[in-house]
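One letter stands for each residue in the lines below.
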Amino acid sequence: MAMVDLILQKRAGKAHAKEEIDFIIKGLMDGSIEDYQLAAWLMAVCWQGMTLDETAWLTDAMARSGDLLDLSAIGPIVGDKHSTGGVGDKTTLVFVPMLSAAGIPMAKLSGRGLGHTGGTIDKLEAIPGFRCDLTIEQFIKQVKEIGQAIGGQTKELAPADGKIYALRDVTGTVESIPLIAASVMSKKIASGANLIVLDVKCGSGAIMETEERAAQLAATMVEVGKRLKRPVSAVVTDMEQPLGNAVGHTLEVMEAIETLSGRGPSDLKELCLSLGSLALVTAGLTEDDACARRTLTEVLANGQALSKFRDLVAAQGGDPSVIERPEIMPQSKFKIDVKAPGTGDKWIKNLNGRLIAEACKLMGAGREKKGDPINMAVGIVLKGKIGSRIEGGQPVATIHADSEKDAVVAASKFNQAILYSDTPQAVPKVIRARIGA
Ligand code: URA
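Note that the structure is a prediction, hence the values are computed from the model and not measured.

*Asks:* Is there a simple way to think about the overall build of the protein in this case?
*Replies:* From N to C terminus, the protein includes 16 helices and 13 strands. Against the compact-globule benchmark of 22 Å for 437 residues, the protein has a radius of gyration of 22 Å, which places it among compact chains. Across its three principal axes, the protein shows a C-alpha extent of roughly 70 × 45 × 40 Å. Counted over contacts in the protein with a minimum sequence separation of 6, partners at least 24 positions apart contribute 78%.

*Asks:* Help me understand the nonpolar core, please; the structure alone is not making it clear to me.
*Replies:* Nonpolar side chains in soluble globular proteins generally cluster together in the buried interior. Membership of the largest hydrophobic core comes to 79 residues, with the highest contact counts inside it found for Met98, Leu99, Ile127, Ile380, Ile399 and Phe414. Broken down by element, this core gets its largest block of residues, eight residues, from helix α12 (residues 266-282). Each of domain 2 (79-325) and domain 3 (331-421) accounts for three or more of the residues forming this core. Residues in contact with isoleucine 127, not counting those within four places in the same chain, are Val253, Phe309, Val313, Gly318, Asp319, Val322 and Met329. Within the second largest apolar cluster, 22 residues are counted, among which are Ala63, Ala181, Met221 and Val222.

*Asks:* Is there a simple way to explain the pattern of salt bridges in this structure?
*Replies:* Pairs can form between side chains of opposite charge once their charged atoms are near each other. A complete count under the given rule lists 26 salt bridges for this structure. Between lysine 123 and glutamate 252 there is a salt bridge; the shortest N-O distance is 2.8 Å. A residue pair is termed long-range when its members are at least 10 positions apart, and lysine 123 in helix α6 (residues 120-124) and glutamate 252 in helix α11 (residues 249-260) qualify at 129 residues. Assessed through its relative accessible area of 3%, glutamate 252 is described here as buried.

*Asks:* Explanation requested: the site of the ligand in the structure shown.
*Replies:* Around the ligand, the neighbouring residues are Tyr165, Arg168, Ile180, Ser183, Val184, Lys187 and Ile207. Interatomic distance of 2.9 Å between a side-chain N/O atom of arginine 168 and an oxygen atom of the ligand. The separation between a nitrogen atom of the ligand and a polar side-chain atom of serine 183 is 2.6 Å. Isolated, the ligand exposes 240 Å² of accessible area, and the fraction of that covered by the protein chains is 88%. Of all the elements in the fold, those that place two or more residues in the shell around the ligand are α8 (159-170) and α9 (177-191). A per-element tally of the shell around the ligand places α9 first, with four residues. Residues of the shell around the ligand, tallied by class, amount to four nonpolar, one polar and two charged.

*Asks:* Just to check I follow, could you spell out the pairing of strand β8 (residues 345-351) for this structure?
*Replies:* For a regular strand, the rule is simple: side chains alternate between the two faces of the sheet. Pairing of β8 with strand β10 (residues 389-391) involves three bridges; the strand directions are antiparallel. When the bridges of β10 are listed, tryptophan 347 appears paired with arginine 389. As paired strands, β8 and strand β12 (residues 418-421) are joined by four bridges and run antiparallel to one another. Within the sheet, the bridge partner assigned to isoleucine 348 lies in β12 and is tyrosine 420.

*Asks:* Honestly, the sheet that holds strand β7 (residues 334-339) in this entry has me stumped. Any pointers?
*Replies:* Backbone-to-backbone hydrogen bonds pair the strands of a sheet. The strands run either parallel or antiparallel. Pairing is antiparallel in the open sheet, where four strands are placed in the order β6-β9-β11-β7. Edge positions in the sheet fall to β6 (246-247) and β7, since each has one partner strand and no second. Sheet topology note: the β7/strand β11 (residues 395-401) ladder contains six bridges and is antiparallel. In the sheet register, lysine 335 faces β11, and the bridge partner there is histidine 400. In this fold helix α15 (residues 353-362) packs onto β6 and β9 (379-382), with an angle of close to 140 degrees to the strand it touches most, β9. Sheet strands touched by helix α16 (residues 404-417): β7, β9 and β11. Its angle to β11, the strand with the most contacts, is close to 140 degrees.

*Asks:* I keep staring at the domain arrangement of the protein and nothing clicks. Help me out?
*Replies:* Many descriptions give the size of an interface as the accessible area lost when the pieces come together. What the domain assignment lists for the protein is domain 1 (3-49), domain 2 (79-325) and domain 3 (331-421). Domain 2 and domain 3 are separated by 25 Å when their C-alpha centres are compared. Contact residues are listed per partner, giving 26 residues for domain 2 and 26 residues for domain 3. A buried area of about 2000 Å², summed over both sides, lies between domain 2 and domain 3, and 55% of it is on carbon and sulfur atoms. The tally of links from domain 2 across to domain 3 stands at one salt bridge. Between lysine 385 and aspartate 267 there is a salt bridge; the shortest N-O distance is 2.5 Å. Across the contact surface, domain 2 and domain 3 share seven residue pairs in polar contact (both at pLDDT 80 or more).

Rules of the game
- Residues numbered from 1 in each chain as written.
- Predicted model: local features only at pLDDT ≥ 70, side-chain atom pairs only at ≥ 80, totals over all residues.
- Heavy atoms only, no water.
- Helix = DSSP H or I, 4+ residues; strand = E, 2+ residues; numbered from the N terminus.
- Rg over C-alpha atoms; globule rule 2.2 N^0.38 Å.
- Contact = heavy atoms within 4.5 Å.
- Core = buried A, V, L, I, M, F, W, Y, C linked by side-chain atoms within 4.5 Å.
- Buried < 20%, exposed > 50% of the residue type's maximum accessible area, 1.4 Å probe, protein only.
- Domains from an automatic or database assignment.
- Salt bridge = Lys/Arg side-chain N within 4 Å of Asp/Glu carboxyl O.
- Near = heavy atom within 4 Å.
- Polar contact = N/O pair within 3.5 Å; in protein donor to acceptor, adjacent residues only side chain to side chain.
- Areas by Shrake-Rupley, 256 points an atom, 1.4 Å probe, with all protein chains shown as cover.
- Nonpolar A, V, L, I, M, F, W, Y, C, P; charged D, E, K, R; others polar.
- Pairing = 2+ DSSP bridges.
- Axes fitted to C-alpha atoms, helices over the stretch in contact; angles between N-to-C directions.
- Buried area = accessible area lost by both parts, 1.4 Å probe.

See below:
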């Protein structure tokens with residue numbers, strides 16, 4: 001078999017056999033296939049696509065390129081959740097303790113933020129002492145003991161994805177549904193959980209800009225899960241605007257604690273309940289969606305979910321008093337309000353998530369490249385979302401910055417992200433579709 005023939009085959013729109021896909025991933029891992037050949041093949045996949053069989057074989061080969069975690073010692077059901085990335089997405093911080101409180105052991109491996117989307121690990125590290133660098137043994141032991149753990153993704157899990165992703169990033173081949181599906185699912189399969197829920201975002205702040213493409217991606221991942229014997233369900237969710245009101249590490253942890261306390265913004269709560277009920281129904285722990293929602297609403301209202309979060313923070317070296325004293329997390333030095341222009345009633349028409357993330361990045365909240373330091377304290381808190389009524393001259397957001405200059409620059413960027421209307425605007429639905437269970 002020669003790589004050049006496989007490139008020609010894919011360029012001509014023909015499907016590969018399983019052995020051919022295994023050959024590509026093996027060659028990538030042992031160095032016998034050059035990066036430029038792989039890049040050419042990735043571009044051919046981008047143009048010609050892949051069948052579901054090919055996508056499942058690619059996922060499987062990528063998952064088997066490194067360690068495959070065996071979580072069977074934890075119990076018959078082990079849950080995991082994945083989001084394709086968005087702005088203000090602190091769902092994992094609520095979802096993991098909430099599901100654990102509802103009886104599903106949660107073994108979640110998360111990543112750091114890169115580009116305009118934030119990473120769960122970075123957010124959790126705003127809590128003094130919190131550590132995600134658990135060994136696999138510590139990770140499994142913790143899930144067995146307290147029903148949950150959030151660890152950092154290691155290089156040993158699906159290393160083929162790391163290599164392919166680095167190439168896709170610089171060759172214009174990120175936006176391919178089979179390549180994204182194989183990238184996400186290979187890491188999920190290698191992570192070992194057998195109850196997987198996926199949150200596929202769509203909109204201006206997401207990798208999939210349209211609902212149609214997000215639904216296609218979700219359906220592809222659900223099918224791949226089926227073929228590889230891991231039940232997967234997915235929701236397609238709105239990322240036209242940030243999730244919740246807070247964007248920035250400390251601010252997002254505070255909002256997650258609010259939500260775990262039964263309060264919190266309605267869109268974040270709705271997303272957590274939808275994903276959570278999908279997991280409970282798929283696991284067969286509750287009869288139907290309504291029953292699952294009742295269970296989850298109860299663990300949020302009666303303090304069990306919050307108590308699970310306290311256990312999680314304490315088990316991973318963090319200071320659990322953060323729940324009563326969020327001010328122990330890094331705090332910004334300056335706060336300024338951005339006000340709606342003019343006078344009289346206005347409605348928010350648009351809140352571009354990507355531009356809001358860029359405003360936060362300008363203040364130091366994001367990184368350009370791996371390993372860059374980030375500022376935990378800075379960010380933006382919205383006082384309204386799309387459809388909210390705001391009076392001209394009243395605050396529409398608060399900028400948390402470390403210098404007055406940064407605050408002014410971020411405020412100006414924020415003003416590019418927001419559009420107003422003189423007429424009432426519909427509130428967008430956070431859940432666009434459910435696929436799978
Ligand atoms: N997230 C991933 O893990 N991989 C992709 O290709 C895109 C988003």
